[in-house]
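These are the residues of each chain, in order.
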Amino acid sequence: MEIIVKDSVEEMSKAAARMVARTLNAKPNAVLGLATGSTPLGLYKELVRMHNDEGLDFSQVTTFNLDEYVGLTQKHTQSYHYFMHENLFKHINIPPQNVYIPSGTTDNYESFCKWYEQRIVECGGIDLQILGIGSDGHIAFNEPSSSLGSRTRIKTLAKQTIDDNARFFDSAEEVPIYAITMGVGTILEAHKIILLANGKNKADAVAQSVEGPVTSLITASALQLHRDTMFILDRGAASGLKMLDYYQWIQDKMPDAP
Ligand code: GLP
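Procedures and definitions
Residues numbered from 1 in each chain as written. Predicted model: local features only at pLDDT ≥ 70, side-chain atom pairs only at ≥ 80, totals over all residues. Heavy atoms only, no water. Near = heavy atom within 4 Å. Polar contact = N/O pair within 3.5 Å; in protein donor to acceptor, adjacent residues only side chain to side chain. Areas by Shrake-Rupley, 256 points an atom, 1.4 Å probe, with all protein chains shown as cover. Nonpolar A, V, L, I, M, F, W, Y, C, P; charged D, E, K, R; others polar. Axes fitted to C-alpha atoms, helices over the stretch in contact; angles between N-to-C directions. Helix = DSSP H or I, 4+ residues; strand = E, 2+ residues; numbered from the N terminus. Parallel < 35°, antiparallel > 145°, perpendicular 65-115°, else oblique. Contact = heavy atoms within 4.5 Å. Salt bridge = Lys/Arg side-chain N within 4 Å of Asp/Glu carboxyl O. Buried < 20%, exposed > 50% of the residue type's maximum accessible area, 1.4 Å probe, protein only. Core = buried A, V, L, I, M, F, W, Y, C linked by side-chain atoms within 4.5 Å.

## Describing the site of the ligand
Part 1 of the argument: Taken together, 13 residues are adjacent to the ligand, and Ser-38, Thr-39, Asp-67, His-138 and Lys-202 come closest.
Part 2 of the argument: Side-chain polar atom of Thr-39 to an oxygen atom of the ligand: 2.4 Å apart, as the coordinates give it.
Part 3 of the argument: Take Arg-167: an N or O atom from its side chain is 3.0 Å from an oxygen atom of the ligand.
Part 4 of the argument: Alone, the ligand offers 390 Å² of accessible surface; in the complex the protein occludes 94% of this.
Part 5 of the argument: Considering only residue class, the shell around the ligand consists of four nonpolar, six polar and three charged.

Laid out in structure tokens, this is it:
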């Protein structure tokens, strides 16, 4: 695991955008795994800027989103379809047929989930997966006690997640109770993973994910088993890490490593 600590959310977002750009430069038809939530907003803004100012090209890119609320239509302003369209897709040159987001309104979730997994494989797997983290340590909507081998499926949201996400809705009662989400096992198959986190309210989840035991109670801790995962954090999110000085030492010394 590589831990990168930045002084601000802007720097965190820019570092992640540079990693995305590096992936696309090396492989213009890369497959990206994308996340929602407030954390990746700065990253998407920076990617849009790079597209406009530097010609970052998405014309051959394919994307798979992590999750969607069950029951929200694509036009619902809190659906992840709407979020992705408004914050990224409508501003870049990605072909709409290359965009995959789990459906929150299919009439057959079981076959949809199988199809989604199959499409990821048919597209060659995810080259770079972007993740945020919930305050309870979840990735995508893999709530505590999710199997670390889980695949795309329906999950019942934890009370904590409903409360956390209520800020985007008029009330907690409006937050959907179920979501369709890639599994931890699906995520672990991505070739490279970047987890972004900012703010002190994520410090405990980050510390447990990086330095705690691998446990289904903190699904982000499964990333310890992945061979190419980078956490890009601001100082608040990094503040609970016991080995922070060591990670910064590595960050400083890495460029000169043989
Ligand atoms: C939701 C999403 C996660 C996201 C989390 C954190 O639960 N399913 O993918 O990481 O929210 O959101 P935020 O970045 O707003 O803190």
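## Considerations on the packing of helix α2 (residues 41-54) against helix α3 (residues 80-87)
Part 1 of the argument: One way to put it is that α2 packs onto α3 with a least axis distance of 10 Å and a crossing angle of 40 degrees. Accordingly, the angle class assigned to the pair α2 and α3 is oblique. Here α2 contributes Leu-41, Tyr-44 and Val-48 to the contact with α3, which in turn contributes Phe-83, Met-84 and Asn-87.

## Here we look at the pattern of salt bridges
Part 1 of the argument: Evaluation of the coordinates by the stated rule reveals twelve salt bridges.
Part 2 of the argument: In this structure, Asp-127 and Lys-27 form a salt bridge, with 3.0 Å as the shortest nitrogen-oxygen distance. Of the two residues, Asp-127 is situated in the loop between α4 (109-122) and β6 (128-131) and Lys-27 in the loop between α1 (9-26) and β2 (31-34); the sequence distance between them amounts to 100 residues.
Part 3 of the argument: Residue class for Asp-127 comes out buried when judged on its relative accessible area of 12%.
Part 4 of the argument: Measuring nitrogen to oxygen at the nearest pair gives 3.0 Å for the salt bridge that ties Arg-49 to Glu-54.
Part 5 of the argument: According to the relative accessible area criterion, Arg-49 is partly exposed, its value standing at 31%.
Part 6 of the argument: Among the charged side chains, a network of salt bridges with common partners joins Glu-46, Arg-49, Asp-53 and Glu-54.

## Section: the nonpolar core
One broad rule of soluble globular proteins: the nonpolar side chains tend to lie buried together.
Part 1 of the argument: Counting 37 residues, the largest nonpolar core has Leu-195, Val-206, Leu-233 and Leu-241 as its most contacted members.
Part 2 of the argument: Residue assignment for this core shows that the elements contributing at least two residues are β1 (2-6), α4, β9 (192-197), α7 (203-211), β10 (229-234), α8 (235-238) and α9 (244-253).
Part 3 of the argument: When neighbours within four sequence positions are excluded, Val-206 is seen to be in contact with Ile-133, Ala-197, Phe-231, Leu-233, Ala-237 and Leu-241.
Part 4 of the argument: Within the second largest apolar cluster, 34 residues are counted, among which are Ala-16, Val-48, Leu-128 and Met-230.

## Considering the environment of Val-175
Part 1 of the argument: Here Val-175 shows up in the loop between α5 (159-165) and β8 (178-181).
Part 2 of the argument: For Val-175, a relative accessible area of 3% puts it in the buried group.
Part 3 of the argument: Spatially, the C-alpha atom of Val-175 lies 22 Å from that of Thr-219, the residues being 44 residues apart in sequence.
Part 4 of the argument: Setting aside residues no more than four positions away along its own chain, Val-175 makes contact with Tyr-69, Ile-162, Asn-165, Ala-166 and Phe-169.

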